[in-house]
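Spelled out, the chains give:
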Amino acid sequence: RSSSDNGRVERVGYTRLYATLSGALLILLGLAGLIENAQFDEPELWSELFGFYAVNGWLSLLQIGLGLIALLLAQRRSRLWALLASVVFLGLGIMGVLAANSTLLFGVLPATRPVNALNLLLGVLALAALAASRWDRITAIASEREKRMKERRVSRKRKRERELRRKRLDSEKTASRPGNRGGKRSESGS
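Residues numbered from 1 in each chain as written. Predicted model: local features only at pLDDT ≥ 70, side-chain atom pairs only at ≥ 80, totals over all residues. Heavy atoms only, no water.

Enquirer: Just checking my understanding: could you explain the overall build of the protein for this structure?
Expert: Looking only at helices and strands, the protein has 5 helices and 4 strands in total. When burial is assessed residue by residue, the protein has 29% of its 190 residues classed as buried. Sequence-distant contacts, at least 24 apart, represent 61% of the contacts inside the protein between residues at least 6 apart. Total accessible area on the protein is roughly 13000 Å²; 59% of this is exposed by carbon and sulfur atoms. (Helix = DSSP H or I, 4+ residues; strand = E, 2+ residues; numbered from the N terminus. Buried < 20%, exposed > 50% of the residue type's maximum accessible area, 1.4 Å probe, protein only. Contact = heavy atoms within 4.5 Å. Areas by Shrake-Rupley, 256 points an atom, 1.4 Å probe, with all protein chains shown as cover.)

Listed below in C-alpha cells is the structure:
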C-alpha cells in the first residue's frame, strides 16, 4: 500500500467503526425489543426493555432494519451511513424532544426520554465520526491557510523593506548631488 492508501484507510476507519458498532447495537436492541414486545396492532402498548427503554414491534423493526443497513454499508460506504444516521437519528431525537413525553412519533414510534437520548447520541456520534474521518482534510486546509497568511506577511515585510531601501537610496542621491552638501543650501554667494 502506498502512503495515500494508508491515509484513506485511516480516515474511513472512524465511520467504519461507527457503522459497525451502531449497526450491531441497533440489531441487538431491536431483537431484544421484539422478544420483549412484538406488538404491531396497537403501538401505544409498549413495554419497557431493561426497565426504562420503551419498545414496541415497530420501533424494534426499525432498529433491526437500520442496523442491517449500517452493517451492509460499513465496509464500502461507511461515510454514507454516518451521514444518513446523523440525519435520521438527530431528526428522530429532536422530534422526540419536542413532542410530549410518552407520545408516539408518526403514530407508531414511542418517544420517551431514553429513546430520544439514544437517538440524539447516535446522531451526534455519527457527526463526530464524519468530522473525524475528514479531520486530515480540515487540518490540511487550516495549515494551508496559515501558510498563505505567513507568506503574505513575509511578502508585505519584504515590500516595506524594499520601499525603505529605495527611499534611503533616493535621499542619498539627493544629498550627494553637486551644490548640495548634506542637503543644506550653500549661502556663501549671498
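Enquirer: Just checking my understanding: could you explain the packing of helix 3 (residues 78-98) against helix 4 (residues 113-133) for this structure?
Expert: The angle between the axes and the distance between the axes are what describe a pair of packed helices. Put simply, helix 3 and helix 4 touch, their axes get as near as 7 Å, and they point 150° apart. As judged from the angle between their axes, helix 3 and helix 4 are roughly antiparallel. Handedness of the crossing formed by helix 3 with helix 4: left-handed. Contacts from R79, A82, L83, A85, S86, F89, L90, L92, G93, I94, G96 and V97 in helix 3 reach N116, N119, L120, L122, G123, V124, A126, L127, L130 and S133 in helix 4. Of the residues belonging to the contact of helix 3 with helix 4, the class tally is 14 nonpolar, 7 polar and 1 charged. (Axes fitted to C-alpha atoms, helices over the stretch in contact; angles between N-to-C directions. Parallel < 35°, antiparallel > 145°, perpendicular 65-115°, else oblique. Left-handed = near helix turned anticlockwise from the far one by under 90°. Nonpolar A, V, L, I, M, F, W, Y, C, P; charged D, E, K, R; others polar.)

Enquirer: Is there a simple way to explain unusual backbone geometry in this structure?
Expert: The phi dihedral of F106 is positive, around 55°, even though this residue is not glycine. Within the secondary structure layout, F106 lies in the loop between strand 3 (103-105) and strand 4 (109-111). Residue classification places F106 among the exposed positions, given a relative accessible area of 61%.

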